[in-house]
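Chain residues, written in single-letter form:
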Amino acid sequence: VLFGINVFATFKVIGYFSDHYFILEGSLSLLSIVCYLLGGCVFSLIWYLIAKKVPAEICKSLAIWSLIVALTVILSQIVVQGAKPIFNRVRFRTMNYLEDYSYFSKWFSVKSQTSDTFEYLKNLVGSDGYKSFPSGHTACGASLITLTLIPKYCVKLQSKRIKILLNILAYSYCALLGLSRILVGAHFLTDVVFSIIVTFSAS
């Protein structure tokens, strides 16, 4: 299961860079598949070596927490990915690329563009050009908020210092990720805030 998850994670990472930076030709080429499998092996080995160092008692204590993490990611992604085709909000960077800001719509506007507009944008910049609301990356990143729940399920990690450290790590990462998505023009503030609220609610 861990190997499969790591292969999928590698597939998503390499796929992203291939789509945006043309590193590999085709997501299912022989070289790509070899990279996915090697990535799965490497990350599985890393996780195995880390797990060996963690006492079995702590691993058992964190089992419930692990389930909460998985459910948080799944539930938040169902909501976020399900909302994207409903709202079809055009990204800022798409408008910036086209030098046409008439495509701007408020976050609560459902399918504010015509089907002809979407077809035009799809042919010009791809379907990703109008998937601004909500932010999928932010929703995934915000799932790190589940780190703050670790002390609740693991007695050995209930010190005040660890609680503060986990809170700083979780909230600062969430804020920086959301800010980065705005700065690269992929999302608006409302896209990011909505995703954070969804993920926090799911956790």
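Everything that follows concerns the structure shown earlier in this document.
What counts and what doesn't
Residues numbered from 1 in each chain as written. Predicted model: local features only at pLDDT ≥ 70, side-chain atom pairs only at ≥ 80, totals over all residues. Heavy atoms only, no water. Helix = DSSP H or I, 4+ residues; strand = E, 2+ residues; numbered from the N terminus. Contact = heavy atoms within 4.5 Å. Areas by Shrake-Rupley, 256 points an atom, 1.4 Å probe, with all protein chains shown as cover. Lys, Arg positive; Asp, Glu negative; His and termini not counted. Charge placed at Lys NZ, Arg CZ, Asp CG, Glu CD. Phe/Tyr/Trp six-rings, centres within 6.5 Å; stacked < 30°, edge-to-face > 60°. Buried < 20%, exposed > 50% of the residue type's maximum accessible area, 1.4 Å probe, protein only.

Details of the overall build of the protein chain
Part 1: If you tally the helices and strands in the protein chain, you get 10 helices and 0 strands.
Part 2: For the protein chain, the N- to C-terminal ordering of α and β elements is α-α-α-α-α-α-α-α-α-α.
Part 3: Dimensions of the protein chain, computed from the C-alpha atoms along their principal axes, are close to 60 × 40 × 25 Å.
Part 4: Pairs at least 24 residues apart make up 74% of the contacts formed inside the protein chain by residues separated by at least 6 positions.
Part 5: Looking at the protein chain as shown, the accessible area adds up to about 12,700 Å², and 71% of this sits on carbon and sulfur atoms.
Part 6: Of the charged side chains in the protein chain, 18 are positive and 9 negative, and the gap between their average positions amounts to 19 Å.

Some details on the packing of aromatic side chains
Part 1: Across all of its chains, the model carries 9 aromatic pairs by this definition.
Part 2: Ring geometry for Phe104 against Phe188: centres 5.4 Å apart, planes inclined by 75°, an arrangement best described as edge-to-face. Of the two residues, Phe104 is situated in the loop between helix H5 (92-98) and helix H6 (115-125) and Phe188 in the loop between helix H9 (160-183) and helix H10 (189-202); the sequence distance between them amounts to 84 residues.
Part 3: With relative accessibility at 45%, the residue Phe104 sits in the partly exposed group.
Part 4: Judged by relative accessible area, Phe188 falls into the buried class, the value being 16%.
Part 5: Ring centres of Trp107 and Phe133 lie 5.6 Å apart, and the angle between their planes is 40°; this geometry places the pair in the tilted category. Residue Trp107 is located in the loop between H5 and H6, and its partner Phe133 is located in the loop between H6 and helix H7 (136-142); the two are separated by 26 residues in the primary sequence.
Part 6: Its relative accessible area of 36% is what places Trp107 among the partly exposed residues.

A few points about unusual backbone geometry
Part 1: With an omega dihedral of -10°, the bond running from Phe133 to Pro134 counts as a cis peptide bond.
Part 2: Mapping Pro134 onto the fold places it in the loop between H6 and H7.
Part 3: Located in the positive-phi region is Asn88, a residue other than glycine, with phi close to 45°.
Part 4: Residue position: Asn88 is located in the loop between helix H4 (63-87) and H5.
Part 5: Unlike most non-glycine residues, Glu99 shows phi in positive territory, near 55°.
Part 6: As for its placement among the helices and strands, Glu99 is situated in the loop between H5 and H6.

Fair warning: the whole summary comes from geometry, so function is off the table for now.
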